[in-house]
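Structure assessment
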Amino acid sequence: MEYIIDIQGIKKRYRKRKSKEIIEAVKGVSFKVKRGEVVGLLGPNGAGKTTTIKMMCGLLLPNEGTIKINGIDIGKQRLKALRHISTVLEGNRNLYWRLTVRENLEYFSGNRGLSKKAVSSQIDELLERLNLTHKANEMVNSLSRGMQQKVSIAVALLSNTEIIFLDEPTLGLDIETSYEVRKLLKDIAKEYNKTILLSSHDMPVVQEICERVIIINEGRIVTDERVSDLLDLFDTKAYSFTINSLLSNKDLNEIQKHFMAELETNEGMQSVLTVTITHSEDFYKVIEIFKDMNIDIDKVDRSIIDFEQVFLKIVKGEMKREVAATV
Ligand SMILES: Nc1ncnc2c1ncn2[C@@H]1O[C@H](COP(=O)(O)OP(=O)(O)OP(=O)(O)O)[C@@H](O)[C@H]1O
């Protein structure tokens, strides 16, 4: 099958300006995306999501690995590959702040070789669709963050590319606007049949918009699965973390201070630890705790708890009823 996005083993290192220390922000990421798929890149702060997106849209060169867009290698034919992509970066950096909404849309359409006349009705239609008609002649810098975000999305739609990358599309938006932008993205994905890849550390955003989610942690993919499967995973609320070291008793005790955790195996080069949590957000807290301890996670799996185990845990008082009820 021909994949519209094909990423193989990309790595990115940064050198810190002051200390000259080298940080490997992305440590060998590979995945493929089918045409029309809506994929979320999820992960805690500093996981490497933005760096990955920046490499995919040609703003940064990977130190290693290949990125193919529609079969075209970005490293070899950058401009040709980029013709298939629109990017909505966090902070709406792709807009001209001193131009009006309409001027921005006209400018970016012109940039893509379309005449003003040809796009004018398209622009009207989009402004209407995004509920921005009344703001068409206002300068972008006078708009709210949410409206600016919608203008950025309109620019991406006007450029008529098959792929749209969105970096943190709802960051900093109030609840109502965040809801509106989420709904808009969901409708767009369906109506315009776009391939969408969005980064976020907001679980509900990914859950609502995406079919598939890739979770990145410390520069590596730890989970890549369908959102429906992930929801089941959040339902069971137990995860099995495979880590690239042997877990000391001290570290285990530290984790057990925060969560119910059981060491499944602790031999060879890796340990497997099952952690039970009561809220989906706690998933990140577990990752953060590992990070603080400098423990490298190799993968995260859903841990199936059978009824007998649940029963025993309840009897021993290890598991709250709330958790048991959802298993
Ligand atoms: N230009 C840079 N120079 C040095 N280090 C950088 C640079 N950009 C990112 N980093 C570092 O690379 C790592 C990954 O950053 P990145 O912005 O890709 O993560 P992220 O998952 O998008 O995080 P967030 O959710 O906080 O935006 C972090 O440790 C970050 O400090």
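How each quantity is defined
- Residues numbered from 1 in each chain as written.
- Predicted model: local features only at pLDDT ≥ 70, side-chain atom pairs only at ≥ 80, totals over all residues.
- Heavy atoms only, no water.
- UniProt positions renumbered as here; feature names shortened; annotations may be inferred.
- Buried < 20%, exposed > 50% of the residue type's maximum accessible area, 1.4 Å probe, protein only.
- Helix = DSSP H or I, 4+ residues; strand = E, 2+ residues; numbered from the N terminus.
- Near = heavy atom within 4 Å.
- Polar contact = N/O pair within 3.5 Å; in protein donor to acceptor, adjacent residues only side chain to side chain.
- Areas by Shrake-Rupley, 256 points an atom, 1.4 Å probe, with all protein chains shown as cover.
- Pairing = 2+ DSSP bridges.
- Axes fitted to C-alpha atoms, helices over the stretch in contact; angles between N-to-C directions.
- Contact = heavy atoms within 4.5 Å.

- Per an unreviewed UniProt entry, the protein goes by the name ABC transporter ATP-binding protein and belongs to Heyndrickxia camelliae.
- As its UniProt record puts it under Sequence similarities (unreviewed entry), the protein is described as follows: "Belongs to the ABC transporter superfamily."

1. Observations concerning the pairing of strand β3 (residues 38–42)
- Counting buried residues in β3 gives 5 out of 5 residues, a clear majority hidden from the surface.
- Alternating residues of β3 divide into Val38, Gly40 and Leu42 and Val39 and Leu41, and every residue in both groups is buried.

2. Here we look at the site of the ligand
- Not every one of the 13 residues close to the ligand is listed here, only the nearest: Gly46, Gly48, Lys49, Thr50 and Thr51.
- Within the side chain of Lys49, a nitrogen or oxygen atom sits 2.8 Å from an oxygen atom of the ligand.
- Between the ligand and Thr51, the relevant distance is 2.5 Å, taken from an oxygen atom to a side-chain nitrogen or oxygen of the residue.
- Relative to its unbound accessible surface of 640 Å², the ligand loses 62% to contact with the protein.

3. Remarks on the sheet that holds strand β6 (residues 85–88)
- Reading across from one edge, β6-β7-β8-β3-β9-β10 is the order of the 6 strands in this open sheet, with mixed pairing throughout. Each having just a single partner strand, β6 and β10 (220–226) make up the two edges of the open sheet. Averaged over neighbouring strand pairs, the angle between their axes works out to 15 degrees when direction is ignored.
- Pairing between strand β9 (residues 212–217) and β10: 6 bridges, direction antiparallel. Each bridged residue has a counterpart across the sheet, and for Ile214 the counterpart in β10 is Asp224.
- Contacts between helix α1 (residues 49–56) and the sheet are confined to β3, β6, β7 (163–167), β8 (195–200) and β9, with β8 contributing the most and set at about 150 degrees to the helix.
- Packed onto the sheet, helix α5 (residues 145–158) meets β6 and β7 and runs at close to 175 degrees relative to β6.

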